[in-house]
Amino acid sequence: MAQDLAAYEGRSVDLALLQGLTGAASGPPLALDLAADGGSGEAVAGVWKFAQRWLLRFQTELGSKRYSPDDGCAFFTRSRSGLFANDADVAGAFGLSAIDVARQLRAEETDDDPDDERYGSVTLQGTLLTPGVLRLDLKFVSRAGDSAELLLPVPVLV
Amino acid sequence: MSVDVPEFSDLDQTQVDSARALLLARLTAFRPQVDFGRGVLGDVLLTPAAVCLAGVRGLVASFQNAASLAQILSDPAGADDDAVDLLVSNYKVTRRPAAAATGTVVVVVDRLAQTSVAQNVAWQGGGRSFLPDAAYTARVSADDVVTDSDRLLSAVGDGTYVFTINVTDGTAGAAGNLAAGAALTPDAPPANFVRAYAAATFSGGQDAETNADLLARLSSSLAARGVANRLSLEGLIRAQDDFAGLLAFSAVGYGDPEQRRYHGLAALFPVAAGGRADVYVRFSELPLQESLAVTATLVGVQDGAGVWQFGLGRDAAPGFWDVLKVVQSGQDPLAVTGYAVSSDVRNFDLTDDGSGFSPDVENAVEAVYSKYQSAVIQFQDTDTATGGLTVGSSQRAYVALVRRLPLVKDVQDYLNASTVRPHAADLLVKAPVPCDVTCHFTVRGGSGVDVSAVQEAVARAVNLLGFRADLPASLVSDAARTALPSEAAVDSVALTGRVRAPNGVLTHLASSDRLVLPDAPEAQVTYRTTVFVLDPSDVTVTLA
């Protein structure tokens, strides 16, 4: 979870982008907000830094970045195209996209990175598909074994 | 065009990657505890910043290249015009702007009646639009010609009448320099209008100087402007606003075998011993063709036809190359065959021109193609009956079509001035010796070939060669290809040339590989004195 910079002395931190990180799987859905009401500009490290990296890349549509055309995956492209009719569709698309994202994250990691910030695994624990919104129940496990869970809202075309 | 940050979508991937790596290294060194390379900072902030940095780097590189003479010379077309202007201004060189051509139009009508030409009615010719310099009125009687815009109708002899008007191109550019005889059509024809054509080659039209042109004359401009050597003399001439359009320059002097003015010293020194230089200048790609009214005297009768003679004083057509033909007064010399010149004897006239100086010229050949040359021209008029005429005294008006290059006299006058001419030498300015070229080639393949564009491209390439010893066929092919579709091929190039030496001797050349100029310094014909001249109409293209 996001904390003040002093809490991460000796670590390298990232800027907290995701608002609503509570550490609870039943917490409110995440929101992407660099400057949010009630607080922003916080830093993240450890498994949440890893989770944030994964989420950013997962939510980037493949080919949408002019000078980083290989970043991202096709999950959100499919969700906006109305291809998710049921949980099986979602699970299938997630599986394919997760492979792409894992490859990209591993490619930018080095042996100097702390294990609690390195890719271990990301599991889709459950889905809730409703008209207009898909919620993904995700569990992140770093290479060090630290875990974090969150709910990710995904807009879908029904 | 101004130097600005390039469009972000036009950046090269390697430029962005390089900028990203630089930012990452600098930011990491600045704040090691922040992970700038990945996640939010890496994906959302660093990459856009790298794009901006790459754009700025591109801007800086453009400025650096624009300010670097070496960079500009390696790619003149890619350099920013404004930056080049700033750079060359440090050397007192200014880009020549485009200028509009002006010329005289002959208007032919079929009635002897007062005719008006409105000033706001355009005349179309050569794809250009020309406007009269004034509202002209062609008068029937000389008594009615009062103002500068009045003209006198002259009878041609075939039931038509002619008068002239002066026009200016509505658009600046060299394309406005219509050839003599080019047809013009008024948007609203005046009364009794038959046709109109250019009386002589239009002049004054020039394109804005390109970066390549500007840099080409920068080298001479960088030199000290004086008369000490070829480079400085060329720089001196180019520095004058009136002579900024110099296309080619050459000089022969001390030690050059072409320099024949070593009077009295030939027995001692078989080469030029100094003190004299002949300066060859070319200011236009094609020669002017001027129609000069002359009065000829009957000097004989041969095979029943009168032999007529007239003189061309040194100021009639300074530095002229030759008289192409003679026609009856009132006729359009470009529309009729006319009479060929049967005798062309050159002479020289060193009468003081007011400068108090004349170059050391001892014979006519030395003065040929300079402002000091004069000539006596003879031709045979096969149409005018000689019965009742007296040899030696009968006179008749004709029109001579004369070919010359411009500004030869002007440059000589400039160099004659007491504040300019060297103390220890004299400079004699001449038009270069002409090698008139024709060429023929075949174009294979390609569709929609614009033959006139090909002719123009080839002629231009030849005329801008400057002083060089040969004209290779490959140059013709390369020039033609610039105006052809990419799939077209050029072959079977055939070149001919005709050199008119100062002594009047004609030398004919022919080759399918390269025309090589004679090396005849004793006749003042070498690569240092002679230029190739090619009219687009002498480029023959066969489409196969």
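Residues numbered from 1 in each chain as written. Chains lettered and ligands numbered in written order. Predicted model: local features only at pLDDT ≥ 70, side-chain atom pairs only at ≥ 80, totals over all residues. Heavy atoms only, no water.

**Overview of the overall build of chain B**
Thought 1: Within chain B one finds ten helices and 26 strands.
Thought 2: A total of 544 residues make up chain B; the buried ones form 48% of that total.
Thought 3: Considering only residue pairs separated by 6 or more positions, chain B has 72% of its internal contacts joining residues 24 or more positions apart.
Thought 4: Entry remark: accessible area of chain B is about 24200 Å², with carbon and sulfur atoms responsible for 52%. (Helix = DSSP H or I, 4+ residues; strand = E, 2+ residues; numbered from the N terminus. Buried < 20%, exposed > 50% of the residue type's maximum accessible area, 1.4 Å probe, protein only. Contact = heavy atoms within 4.5 Å. Areas by Shrake-Rupley, 256 points an atom, 1.4 Å probe, with all protein chains shown as cover.)

**A closer look at the overall build of chain A**
Thought 1: Looking only at helices and strands, chain A features three helices and seven strands.
Thought 2: Ordered by position from the N terminus, the helices and strands of chain A form the series β-β-β-β-α-α-α-β-β-β.
Thought 3: Here chain A, with 158 residues, has 42% of them falling under the buried criterion.
Thought 4: Considering only residue pairs separated by 6 or more positions, chain A has 56% of its internal contacts joining residues 24 or more positions apart.

**Here we look at the packing of helix α6 (residues 230–239) of chain B against helix α8 (residues 408–416) of chain B**
Residue and element names in this part refer to chain B.
Thought 1: Remark: α6 packs on α8, axes separated minimally by 11 Å, with the N-to-C direction vectors making an angle of 110 degrees. Classified by the angle their axes make, α6 and α8 are roughly perpendicular. Seen from α6, the contacting residues are L233, L236 and I237; seen from α8, they are V411, Y414 and L415. (Axes fitted to C-alpha atoms, helices over the stretch in contact; angles between N-to-C directions. Parallel < 35°, antiparallel > 145°, perpendicular 65-115°, else oblique.)

**Section: unusual backbone geometry**
Residue and element names in this part refer to chain B.
Thought 1: Even without glycine at this site, Y369 takes up a positive phi of about 70 degrees.
Thought 2: With a relative accessible area of 1%, Y369 lands in the buried category.
Thought 3: The phi dihedral of S492 is positive, around 55 degrees, even though this residue is not glycine.
Thought 4: Checked against the element boundaries, S492 lands in strand β22 (residues 489–500).
Thought 5: Taking the relative accessible area as the measure of exposure, S492 reaches 48% and is therefore partly exposed.

**A closer look at the interface of chain B and chain A**
Thought 1: Listed per partner, the contact involves 21 residues of chain B and 21 residues of chain A.
Thought 2: Carbon and sulfur atoms make up 53% of the surface buried where chain B meets chain A, a total of about 1600 Å² over both sides.
Thought 3: If you sort the residues of chain B by the area they bury against chain A, R38, V40 and D43 of chain B come out on top, with a joint share of 40%.
Thought 4: Scanning the region where chain B abuts chain A turns up three salt bridges.
Thought 5: Ionic pairing is found between D113 of chain A and R38 of chain B, a salt bridge with its closest N-O pair at 2.6 Å.
Thought 6: Among the secondary structure elements, those contributing two or more residues to the side of chain B that touches chain A are α1 (13–30) and α2 (39–67) of chain B.
Thought 7: Per-element tally for the side of chain B that touches chain A: the top contributor is α2 of chain B, with eight residues.
Thought 8: Class assignment for the residues of the side of chain B that touches chain A results in ten nonpolar, five polar and six charged. (Buried area = accessible area lost by both parts, 1.4 Å probe. Salt bridge = Lys/Arg side-chain N within 4 Å of Asp/Glu carboxyl O. Nonpolar A, V, L, I, M, F, W, Y, C, P; charged D, E, K, R; others polar.)

**Topic: the environment of D538 of chain B**
Residues and elements named next belong to chain B.
Thought 1: Relative to the elements of secondary structure, D538 occurs in the loop between β25 (530–533) and β26 (539–543).
Thought 2: Judged by relative accessible area, D538 falls into the partly exposed class, the value being 33%.
Thought 3: Remark: the alpha-carbon pair of D538 and A459, spanning 79 residues in sequence, is separated by 8.5 Å.
Thought 4: The residues contacting D538, other than those within four sequence positions of it, are V437, T438 and C439.

**Considerations on the pattern of salt bridges**
Thought 1: Enumeration over the complete set of coordinates arrives at 44 salt bridges over all chains.
Thought 2: Note that R95 of chain B is salt-bridged to D85 of chain B, the shortest N-O span being 2.8 Å. Placement of the pair is R95 of chain B in the loop between α4 (81–89) and β1 (102–109) and D85 of chain B in helix α4, with a sequence separation of ten residues.
Thought 3: Relative accessible area serves as the criterion here: at 16%, R95 of chain B is assigned to the buried category.
Thought 4: Its salt-bridge partner being R403 of chain B, residue D436 of chain B comes within 2.7 Å of it at the nearest N-O pair. Note that D436 of chain B is positioned in strand β20 (residues 433–444) and R403 of chain B in strand β18 (residues 395–404), a separation of 33 residues in sequence.
Thought 5: On the basis of relative accessibility, which here comes to 8%, the residue R403 of chain B falls in the buried class.
Thought 6: Among the charged side chains, a network of salt bridges with common partners joins R53, R57, K65, D71, E108, E109, D111 and R118 of chain A together with D43 of chain B.

**What about the sheet that holds strand β19 (residues 426–430) of chain B?**
Residue and element names in this part refer to chain B.
Thought 1: Read from one edge of the open sheet, three strands run β11-β12-β19, paired in mixed fashion. Taken across any chain shown, the strands that pair with only one partner, and hence form the sheet edges, are β11 (248–252) and β19. When strand polarity is set aside, the average angle formed by the axes of neighbouring strands in this sheet is 20 degrees.
Thought 2: Taken together, the five bridges between strand β12 (residues 276–282) and β19 define a ladder with parallel strand orientation. If you follow Y280 over to β19, its bridge partner there is K430.
Thought 3: In the packing of α6 onto the sheet, contacts are made with β11, β12 and β19, and the angle to β11 comes to roughly 135 degrees. (Pairing = 2+ DSSP bridges.)

**So, the layout of surface pockets**
Thought 1: Of the voids in this model, the second largest pocket is the one considered here, and its volume is about 580 Å³.
Thought 2: In terms of lining residues, the second largest pocket is bounded by 28 residues, among which E108 of chain A together with R20, L24, G37 and R38 of chain B are the most central.
Thought 3: Put simply, the parts of the chain that give the lining of the second largest pocket at least two residues each are α1 (46–58) and α3 (87–107) of chain A together with α1 and α2 of chain B.
Thought 4: Among the elements that line the lining of the second largest pocket, the one with the most residues is α1 of chain B, at five residues.
Thought 5: Taken together, the residues of the lining of the second largest pocket sort by class into eight nonpolar, seven polar and 13 charged. (1 Å grid on protein atoms, 1.4 Å probe; cavity = no way out; pocket = protein on both sides within 12 Å on 5 of 7 lines; lining within 4 Å. Points joined across faces, edges and corners; volume = space filled by probe spheres on them.)

**Side note on the sheet that holds strand β6 (residues 133–142) of chain A**
Remark on secondary structure: sheet strands pair via backbone hydrogen bonds, oriented parallel or antiparallel.
All names here are of chain A.
Thought 1: Taken in spatial order, the three strands of this open sheet run β5-β6-β7, and their pairing is antiparallel. The sheet is open, and its two edges are formed by β5 (119–130) and β7 (147–155), each paired on a single side. Put simply, the sheet's adjacent strands are angled 20 degrees from each other on average, direction ignored.
Thought 2: Each of β5, β6 and β7 is contacted by α1, which is oriented at about 140 degrees to β6, the strand it contacts most.
Thought 3: Lying on the sheet, α3 is in contact with β5 and β6; it crosses β5 at an angle near 155 degrees.

**Describing the nonpolar core**
Thought 1: By size, the foremost hydrophobic cluster in this structure holds 64 residues, and its most contacted members are I237, L415, F441, V458, L471 and F532 of chain B.
Thought 2: Per-element accounting of this core gives the leading share, six residues, to β20 of chain B.
Thought 3: Aside from chain neighbours lying at most four places away, what touches L415 of chain B is L233, L236, I237, V420, R421, L427 and V429 of chain B.
Thought 4: Judged by nonpolar contacts, the second largest core, of 30 residues, contains W48, F58, C73 and V101 of chain A. (Core = buried A, V, L, I, M, F, W, Y, C linked by side-chain atoms within 4.5 Å.)

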